[in-house]
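Okay, here's what each chain looks like letter by letter:
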Amino acid sequence: MTEILNVRTRRISGVISTDDIIPGRYKHMHTDTSKLAQHVFENRFPGLAATFHASDLIVADDTFGIGSSREQAVSSLLAAGVTVIVAPRFGRIFFRNCWNLGMFAIEADALRFAEGENIVVNIGDGNLIGADTVVNFTPPPKRMLDMVAAGGLIPSVLRRINKQLLQRKGSTNHV
Amino acid sequence: MALVNDIITAHSGGEPVTAGQLVTVNVDKVYVQDGNSPTIAKIFGDNGCESVFDKDAVGIFFDHSVITPNIAIANRLKEAHAFAERLGVQVYPQGAGISHVVAMENGWFSPGRIVMGSDSHTCTGGAVQSLALGMGASDIAAAMITGEAWLKVPETVWLNIKGKPLPITKAKDVVLYVLATLGQEKFLYRSVEWMGPWVSELSLDSAATVASLGVELGAKCVFLPDGPGRPHGMRPISPDANGTVLEVDITDLPPMVAKPHSPSNVVPIDEMNHAKIDYVFVGSCTNSRLEDIADVAHQLAGKKVSDRVHCLITPGSKDVYLKAIEKGYISTLTEAGAVVTPPGCGSCLGTQGSIPADGDRILSTMNRNFLGRMGNPEAEIYLASPLVAAHTAVHGRIPSVEDLL
């Protein structure tokens, strides 16, 4: 799979918890992620939510997404327009949630990119290409790329179950 | 062999696994908390799913919003209840307690099981050597439907705790000290096996405190050694021949406090210089068990909560609450002027009262003090043990080591 994305970089500094991304009180109020998107980073970086637009890439300089398991930390960022997050390290659950929902979470040091730079992300080849900088990363395993290509964890699981059901039906017919 | 490898091997077809490998495992138990079940219900609804792999192996716990604070959350809870009823799974309604505390009491966690929970503090199950994994809504929904999950086999680190702390220093203090000394990076994505004489002598309540904080270390999962009151089937902890062993010496360690806005921002208690506190909260999946309530009751017996302090105590489960009533702790706490709430997550994350006021300084026994955690970003949260919390409630200031001895 050669996923290529044109994105705008957004720099975020410091260790970021999932509480920082979306405060607990909102995630218990809404399942509509567009409502959650208005509140991303509200406590930590007031006003930042309104500045995201479609095809943004977050460049973090420290551990990103530590703490709570809330998948809304990913779904609210996706709803805000973020499609890729590049960080030196991720919180474990947040990292899984990213891939499960089709957000590309990439472990790399991308601090050479400035805020608001337009860059190209080549997921399958493992590089980020700016005007005068290239950052390489280890491409994700095929299994994870396949999951994203299927639309995320749930669609890929359902596809597998339906296939098994069809196969089972098929073999019963033969009998 | 590392415990995590052993458990994953036993749940993925029996071929020995190695760190870094991506595998599909069978899951023994899956549980959901009320804050995430509306999202999970939505995933089921959007995808036309109507059933789970095993009704007895799936539970929904109502713990984050026990006393519903607003219309939006009330409506989400209603959806969650309807969802639980449709699926016919195990339900632990408001008042039953915190999922992780109840899961331990009711045997959801047992040695060698794989248990998934939709809350990051599911790692608590490591106290009895379950591979207990906190995960997001999609992972949980997928496991509820299929009884399976994808996992990356983590590397294991062994954490050898040497020496004994001061008697006033509790399990919470030791984990905060480990975090302060070693940081998160050494534990991130990893399985952590605790060892050494101190951890081997811990009560089950204290072991649960240690295990619950695994996610604060950044770990994928944790395992504690066998000890008093543990179920059968616990395995000895022993590092692989070429395994990474980290050592922390806790000889004469004093109590610790994590300052705003990170559990890693830890100082010895004397460095707090008797800081003034407005609000004390005792509760959460880290410190709400009978032993914790007993520590607070013994401190508050015959004393009064300071007039300047709002002191809120939330037992972790119905069982803890009833035992605390039986032992007279709830009378002691109430007499002293503390407010005892029904069991649940309490005020840990701002999804029910008490929300702090602007400028409030809170001393809490919970596990996280991220900015805005309790519902107000204008408040400061300090984390400490129940013993320290109780002393603070009486005097309105964080005690020194000398005050506590």
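Above this text sits the structure in question.
Asks: Honestly, the interface of chain A and chain B in this entry has me stumped. Any pointers?
Replies: A common way to state how big an interface is: give the accessible area lost once the parts meet. Contacts between the two partners involve 39 residues from chain A and, on the opposite side, 54 residues from chain B. A combined buried area of about 3900 Å² lies between chain A and chain B, and 57% of that area is made up of carbon and sulfur atoms. Taken together, the links from chain A to chain B amount to four salt bridges. Note that aspartate 19 of chain A and arginine 373 of chain B form a salt bridge whose closest N and O atoms lie 3.0 Å from each other. Seen at the junction of chain A and chain B, the total is 15 residue pairs in polar contact (both at pLDDT 80 or more). Listing elements by their share of the side of chain A that touches chain B, those giving two or more residues are α2 (24–27), α5 (92–101), α6 (142–149) and α7 (153–174) of chain A. Of all the elements, α5 of chain A adds the most residues to the side of chain A that touches chain B, at seven residues.

Asks: Is there a simple way to think about the pattern of salt bridges in this case?
Replies: Pairs can form between side chains of opposite charge whenever their charged atoms are close. Residues and elements named next belong to chain A. As enumerated under the stated definition, the model contains 23 salt bridges over all chains in all. As a salt-bridge pair, arginine 10 and aspartate 56 come within 3.3 Å of each other at their nearest N and O atoms. Here arginine 10, found in strand β1 (residues 4–12), pairs with aspartate 56, found in strand β3 (residues 56–60); they are 46 residues apart in sequence, far enough to count as distant. The class of arginine 10 is buried, set by a relative accessible area of 7%. For arginine 10, the salt bridge goes to glutamate 115, with nearest N and O atoms at 2.8 Å. Note that arginine 10 is positioned in strand β1 and glutamate 115 in the loop between β6 (104–107) and β7 (118–122), a separation of 105 residues in sequence. One network of salt bridges, with partners in common, ties together Arg8, Arg10, Asp56 and Glu115.

Asks: It is not clear to me how the environment of arginine 361 of chain B should be interpreted in this structure. Could you clarify?
Replies: Residue and element names in this part refer to chain B. By the element assignment, arginine 361 lies in strand β17 (residues 361–364). Taking the C-alpha atoms as reference, arginine 361 lies 4.9 Å from glutamate 380; in sequence the two are 19 residues apart. Within the local environment of arginine 361, its side chain forms a polar contact with the side chain of glutamate 380, the two groups lying 3.4 Å apart.

Asks: Mind showing me how you'd approach helix α10 (residues 290–300) of chain B here?
Replies: Since there are 3.6 residues in each turn of an α-helix, residues three or four apart along the chain are aligned in direction. All names here are of chain B. The element α10 is extensively covered by neighbouring structure, given that nine of its 11 residues are classed as buried. The set of residues buried in α10 consists of Leu290, Asp292, Ile293, Ala294, Asp295, Val296, Ala297, Gln299 and Leu300. Each element contacted by the buried residues of α10 is listed here: α8 (204–212), β14 (279–282), β15 (310–313), α11 (318–326), α12 (329–336) and α13 (386–395). Directly after α10, the chain includes glycine 302, whose backbone phi takes a positive value near 75 degrees.

Asks: Is there a simple way to explain the environment of isoleucine 8 of chain B in this structure?
Replies: Residue and element names in this part refer to chain B. With respect to the helices and strands, the residue isoleucine 8 is situated in helix α1 (residues 3–10). Taking the C-alpha atoms as reference points, isoleucine 8 and lysine 152, separated by 144 residues in sequence, lie 9.7 Å from one another. In this structure isoleucine 8 touches Val17, Val23, Val25, Leu131, Leu151, Val153 and Pro154, once residues within four positions along its chain are discounted.

Asks: What should I look at first to understand the side chain of histidine 100 of chain B in this one?
Replies: All names here are of chain B. With respect to the secondary-structure elements, histidine 100 resides in helix α4 (residues 99–105). A relative accessible area of 1% places histidine 100 in the buried class. For histidine 100, the side chain forms a polar contact with the side chain of serine 99, separated by 3.4 Å. Not counting residues within four places of it along the chain, the set of residues in contact with histidine 100 comprises Tyr31, Phe109, Asp119, His121, Thr122, Thr124 and Cys285.

Asks: Help me out: how do you make sense of the sheet that holds strand β4 (residues 90–92) of chain B in this one?
Replies: The strands making up a sheet associate through hydrogen bonds between their backbones, and the pairing can be parallel or antiparallel. Residue and element names in this part refer to chain B. With parallel pairing, the five strands of this open sheet are ordered in space as β4-β3-β2-β5-β6. Edge positions in the sheet fall to β4 and β6 (131–134), since each has one partner strand and no second. Put simply, the sheet's adjacent strands are angled 20 degrees from each other on average, direction ignored. Relative to β4, strand β3 (residues 58–61) is paired through three bridges, and the arrangement is parallel.

Asks: What is the right way to look at the sheet that holds strand β5 (residues 82–87) of chain A in this model?
Replies: Residue and element names in this part refer to chain A. With mixed pairing, seven strands are arranged side by side in an open sheet as β6-β5-β3-β1-β7-β8-β9. Pairing within the sheet leaves two strands with one partner each, and these edge strands are β6 and β9 (134–136). Going across the sheet, the axis of each strand differs from the next one's by a mean of 30 degrees, ignoring polarity. Taken strand by strand, α5 contacts β5 and β6, and its axis lies near 135 degrees from that of β6.

Rules and cut-offs
- Residues numbered from 1 in each chain as written.
- Chains lettered and ligands numbered in written order.
- Predicted model: local features only at pLDDT ≥ 70, side-chain atom pairs only at ≥ 80, totals over all residues.
- Heavy atoms only, no water.
- Contact = heavy atoms within 4.5 Å.
- Buried area = accessible area lost by both parts, 1.4 Å probe.
- Salt bridge = Lys/Arg side-chain N within 4 Å of Asp/Glu carboxyl O.
- Polar contact = N/O pair within 3.5 Å; in protein donor to acceptor, adjacent residues only side chain to side chain.
- Helix = DSSP H or I, 4+ residues; strand = E, 2+ residues; numbered from the N terminus.
- Buried < 20%, exposed > 50% of the residue type's maximum accessible area, 1.4 Å probe, protein only.
- Pairing = 2+ DSSP bridges.
- Axes fitted to C-alpha atoms, helices over the stretch in contact; angles between N-to-C directions.

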